[in-house]
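Analysis of the macromolecular model
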Amino acid sequence: MSSMSSVAGLSKYIKTLPKTEYTIIGMIIISFLIGSTFYIIDLSPGQGIIQDFIYGGLFGFIVLGISSIMSGALNQQVISSFHGINLKIKHSMFLSGLSMTILGIIVLLGCIISRLINVDIFVNSMIFACVLIYGFNTLVFWATSKVRFSVAALTGFIQPVLIIAMYISISFLFIDTSFMGPAIFQIILKAFVASIIFVIAIYAFITVIASPFKKNLGIGVLDLLSLFIAHMNEGSNSLEGLFENMSEAIDTIVTFVSFKTENGIKALFISPSVHPGPLGDLGGSNMPTILANKFDFFTMVAHGPSTHDFNPIAVNEINKIENSIKKGLERIEYSDKASKFVRYNSQKANIGVQFFNEGMVILSTFAPEAVDDIEFGVGLTMMAQSRNHCDVQDSIIVDCHNSFTPESGEVLPGNAEVFQLIDVIDSIDPKEEKYGIKIGCHADNMDDLDKNDGVGESGIKTMIVEVGGQRTVYMLFDANNMEKGFRQEIIDAVSDLEIDEIEVMTTDTHTVNTISRGYNPIGIVKRNEIIEYARTSIIEAIKDLEKVEVGTGTNKIKNLNTFGPKNSTELISTISSVVAVSKIIAPVLLITSLFISFLWIFFGGL
């Protein structure tokens, strides 16, 4: 499994929250039911269940519902006034509703215990619940809104203070208030001290987990989290600015095949050794579409040998790839000669090989076995080996990226798969006969499908290469890998069409990784619809067949700002270590502080 993709998988925790009006309706209903349940459990002498239900419901709505709705509005205004991000009104209202529900459950548990032990602990239960939601709100504001701790801590007080104030006000109006003088002081003191204890524990916890990020990467963990959420919720690319602090400039390469008619270039097949990640629209995640759209002719951007180490840190880095390709196109020499498409295999490694003029294309796949990215160094080895063995100027290596399971691993130096790739390259016959060439192209954005179906912005692109009477289909889905077995299903489904060979590839776009699954290879859902697009695309591409000349090229991309091997590994190891440490520290700090707060509230002697 790709290590950076495992971080992308965290996106499954980002959920779409209900609309504000739905949350408010829910808060009204829940607060009414909490109050009704409380009154029914704590039966008042001479009062029926219906009266308890109505009066209790009104009590719950006024004390919990109105207070929480007010806090939902106020929290958002306060955070916004301090230039906080992410906390839209629907988020703030949902947070207040969730906190209110937690408080209500604790109060009801306290009420049940009161009935069992015949001791009234309602007030203490409410204080303890207010302390808990105070800490929870403070943590959420601080971790997600990019505000100072002091702002988060003060804002966190709004909801519990409103609830306590509303409870005291209702008590003065409808209950015997002779006891309320000393009681108010006790409530305030207990709540304040317990809140300080709990919030200190939260501050200590965040400080501990933030330290490795600051020390190792020079970034704040809360900045990383809040900007990540901003990207997921709003599509903000502010996170790219944070990545600049940990970027590393590298040199890599891009290889390509150009097909032209007398009217100019008809099609361009590109394989950049740059990874389309990390996720969403950040960095190079949508590189296959962005790069293809920079050319005025049919362009396929396949997945070259690269891992998340080679993720561009910003969208504008893609311009460097464009410039490198355009400079390389100026030097291309064309001819009308190409070989037929031939497959070779060695153990798990399978390649499809086709020679074009003075270059060659190698389509690499381990299907039906499942693997992830081929590392850049492995790709360079494949290029050098094939150029030497086949005596060609350019070797365009494509990682077809078409067989995936969550356990898929990268192909790294030292893996057995590397030697299988080298062995299969050595088996290539470099003396393939050359013929004239035709190509036909077709593109479809697959508008009926979207990233929820594993389909990126560019949909499907198909190029058919006809050489010596053989028709070979190069089919490229804008997707992040392919569900294991789906490649063969597509191949079988189009076998009745007028073609001889087909290879199915994906771009590895990471724009589809922002949904609840995190991983989202094409083929999990809507297979029949996708296959129908594949069939239609082949039929349309056949209609477009015409004679062309072909040339290949290789060019270096200089000073591409990426995550880099060191920082990418550092980020993953830091996240892993923080998660491991948090599993120990979080329960110790938070449970201990809650236990101390519990003792203070219930047994403080006030």
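Everything here concerns the structure above.
Reference entry: report on the structure contained in this document.

Cut-off values and rules
Residues numbered from 1 in each chain as written. Predicted model: local features only at pLDDT ≥ 70, side-chain atom pairs only at ≥ 80, totals over all residues. Heavy atoms only, no water. Helix = DSSP H or I, 4+ residues; strand = E, 2+ residues; numbered from the N terminus. Buried < 20%, exposed > 50% of the residue type's maximum accessible area, 1.4 Å probe, protein only. Areas by Shrake-Rupley, 256 points an atom, 1.4 Å probe, with all protein chains shown as cover. Salt bridge = Lys/Arg side-chain N within 4 Å of Asp/Glu carboxyl O. Phe/Tyr/Trp six-rings, centres within 6.5 Å; stacked < 30°, edge-to-face > 60°. Pairing = 2+ DSSP bridges. Axes fitted to C-alpha atoms, helices over the stretch in contact; angles between N-to-C directions. Contact = heavy atoms within 4.5 Å. Core = buried A, V, L, I, M, F, W, Y, C linked by side-chain atoms within 4.5 Å. 1 Å grid on protein atoms, 1.4 Å probe; cavity = no way out; pocket = protein on both sides within 12 Å on 5 of 7 lines; lining within 4 Å. Points joined across faces, edges and corners; volume = space filled by probe spheres on them. Nonpolar A, V, L, I, M, F, W, Y, C, P; charged D, E, K, R; others polar.

1. Notes on the overall build of the protein chain
When helices and strands are tallied, the protein chain shows 17 helices and 15 strands. In terms of principal-axis extent, the alpha carbons of the protein chain reach across some 105 × 50 × 40 Å. A burial count over the protein chain gives 56% of its 606 residues as buried. Carbon and sulfur atoms form 58% of the exposed surface of the protein chain, whose accessible area is close to 25000 Å².

2. Topic: the pattern of salt bridges
With the rule as written, the count across this model stands at 15 salt bridges. Of the charged contacts in the structure, one is a salt bridge between lysine 266 and aspartate 544, with a shortest N-O distance of 2.8 Å. With lysine 266 in strand β2 (residues 264-272) and aspartate 544 in the loop between α16 (527-543) and β14 (546-547), the pair connects residues that are 278 residues apart, well separated along the chain. Given the relative accessible area of 27%, aspartate 544 is considered partly exposed. Here the residues in one salt-bridge network are Arg343, Arg487, Glu501 and Glu503, joined through shared partners.

3. Considerations on the packing of aromatic side chains
One pass over the structure, following the stated rule, counts 20 aromatic pairs. Here phenylalanine 38 and phenylalanine 122 contribute two aromatic rings whose centre-to-centre distance is 4.7 Å and whose plane-to-plane angle is 25°, an arrangement assigned as stacked. Of this pair, phenylalanine 38 sits in helix α2 (residues 20-41) while phenylalanine 122 sits in helix α5 (residues 122-144); the two residues are 84 residues apart in sequence, bridging distant segments of the chain. Classification of phenylalanine 38 as buried rests on a relative accessible area of 10%. Here phenylalanine 310 and phenylalanine 376 contribute two aromatic rings whose centre-to-centre distance is 5.1 Å and whose plane-to-plane angle is 45°, an arrangement assigned as tilted.

4. Here's the deal with the sheet that holds strand β1 (residues 248-261)
In spatial order, the strands read β3-β2-β1-β15; together these four strands make up an open sheet with mixed pairing. The sheet is open, and its two edges are formed by β3 (298-301) and β15 (549-562), each paired on a single side. Strand after strand, the sheet turns through a mean of 20° between neighbouring axes, direction not considered. The sheet contact formed by β1 and β2 spans eight bridges and is antiparallel. Among the inter-strand pairings, threonine 261 is bridged to a residue of β2, identified as glycine 264. Contacts from helix α12 (residues 318-329) reach β1, β2 and β15, with the element oriented near 145° to β15.

5. Some remarks on the nonpolar core
Formed by 70 residues in total, the largest nonpolar core has its most connected members in Leu103, Ile163 and Phe213. Ignoring anything within four residues of it in the chain, the contact list for phenylalanine 213 reads Gly218, Ile219, Val221, Leu224, Leu571, Thr574, Ile575 and Val578.

6. Here's the deal with empty space enclosed by the protein
Under the defined criterion, the tally for this structure stands at four cavities of 30 Å³ or more. Of the volumes computed, that of the largest cavity is approximately 110 Å³. Ile34, Gly35, Phe38, Phe59, Gly60, Val63, Leu64, Leu103, Val107, Phe122, Met126 and Tyr167 are the residues that line the largest cavity. Only α2, α3 (49-81), α4 (89-117) and α5 provide two or more residues apiece to the lining of the largest cavity. Examining the composition of the lining of the largest cavity, we find that four residues originate from one element, α3, more than from any other. Of the residues that constitute the lining of the largest cavity, the class distribution is 10 nonpolar, two polar and no charged.

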